[in-house]
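Architecture at a glance
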Amino acid sequence: MALAGMDFTILDMEHGVFDLGTLEACVRSVEAAGAVPLVRIPGMNASAAQWALDVGGHGLVVPQLRNAADAQSVVAMAKFAPLGHRGYNPFTRAANYANPPDNRIGKLNNEFSLTCVIVESESALDDLDAICATPHLDVVYMGIYDLAVALGCEGNTRHPRIVNIVEKAIGRIRASGKAAGMMVRNDTDMRRALELGANFLVYGVDSFVIRQATADAVTSFQRISADMTSAPVRKPT
């Protein structure tokens, strides 16, 4: 994924199957390919945030946000004192195992790690402006899948209500000075997202991309096979 030219890759500890060993390996792989590894931790989990940053992740993507107080907690999990309560260990991969003289260097600098929260509940949506006002929060991402369930749209992310909410929210997020995130799945989505002002675009999910590419190959084979079966047999002259 990173070698394909993506700016960043989100490594998902919420729905994915990462343990710390595979997480660190994937962080290394994404970095080696020249992209930014971000880690989606399983909810408001300070331990997972610590692990993700200690193995060298460039930032946190945090789901299950309820309100602005949670957004403040996300920042606190990602930052050292006085901005937060992240545990400091200068012997981790994030510190290059080097015991640097202070925590203002490289990935240990409080300005380094990206902080992103996912608005995917009705309570978070109601508190959107306060969330956007959270100091040191970088990205507010609209989680359309959970929103489509939470708001009674039965998971239909194309429901007019969900589309309308996201379109209005993107403008509010950008007006606050934060980056605005949303999912895009095709050229039409990309164009519309950019028109709205979204500037943190997440393209699909790896498992779906692989499945879809395989399904397309199967469909092509079935079509070609059917064409050849129905074609008249040419007798040699």
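In what follows, the accompanying structure is described. (Residues numbered from 1 in each chain as written. Predicted model: local features only at pLDDT ≥ 70, side-chain atom pairs only at ≥ 80, totals over all residues. Heavy atoms only, no water.)

Applying the stated rule across the entire model yields three aromatic pairs. Plain terms: the ring middles of phenylalanine 8 and phenylalanine 200 are 4.6 Å apart, the flat faces sit at 15° to each other, and that makes the pair stacked. Of the two residues, phenylalanine 8 sits in strand β1 (residues 8-12) while phenylalanine 200 sits in strand β7 (residues 200-203), which places them 192 residues apart along the sequence. On the basis of relative accessibility, which here comes to 19%, the residue phenylalanine 8 falls in the buried class. (Phe/Tyr/Trp six-rings, centres within 6.5 Å; stacked < 30°, edge-to-face > 60°. Helix = DSSP H or I, 4+ residues; strand = E, 2+ residues; numbered from the N terminus. Buried < 20%, exposed > 50% of the residue type's maximum accessible area, 1.4 Å probe, protein only.)

Another aspect to go through is the pattern of salt bridges. A side chain of one charge can pair with a side chain of the opposite charge if their charged atoms are brought near each other. Taken as a whole and assessed by the stated rule, the structure comprises 13 salt bridges. Note that aspartate 129 and arginine 172 form a salt bridge whose closest N and O atoms lie 3.2 Å from each other. Of this pair, aspartate 129 sits in helix α5 (residues 128-132) while arginine 172 sits in helix α7 (residues 160-175), placing them 43 residues apart in sequence. With a relative accessible area of 48%, aspartate 129 lands in the partly exposed category. With its nearest N and O atoms 3.1 Å apart, the salt bridge here joins aspartate 189 to arginine 158. Separated by 31 residues along the polypeptide, aspartate 189 in helix α8 (residues 187-196) and arginine 158 in the loop between α6 (144-150) and α7 bring together distant segments of the chain. For arginine 158, a relative accessible area of 45% corresponds to the partly exposed category. Overlapping salt bridges bring together Asp12, Glu14 and Arg40 as one network. (Salt bridge = Lys/Arg side-chain N within 4 Å of Asp/Glu carboxyl O.)

Before going further, it helps to spend a moment on the nonpolar core. Most often, soluble globular proteins keep nonpolar side chains buried together rather than apart. In terms of nonpolar packing, the biggest core is built from 58 residues, with Ile41, Ile131, Val140 and Met142 touching the most fellow members. Setting aside anything within four residues of it in sequence, one finds isoleucine 41 in contact with Met13, Glu14, Ala48, Ala49, Ala52, Leu60, Val61, Val62, Pro63 and Met77. (Core = buried A, V, L, I, M, F, W, Y, C linked by side-chain atoms within 4.5 Å. Contact = heavy atoms within 4.5 Å.)

The next point concerns the environment of arginine 28. As for its position among the elements, arginine 28 is in helix α1 (residues 20-32). Note on arginine 28: relative accessible area 39%, which makes it partly exposed. Considered as a pair, arginine 28 and valine 166 are 138 residues apart in the sequence and their alpha carbons are 33 Å apart. Not counting residues within four places of it along the chain, the set of residues in contact with arginine 28 comprises Arg93 and Tyr97.

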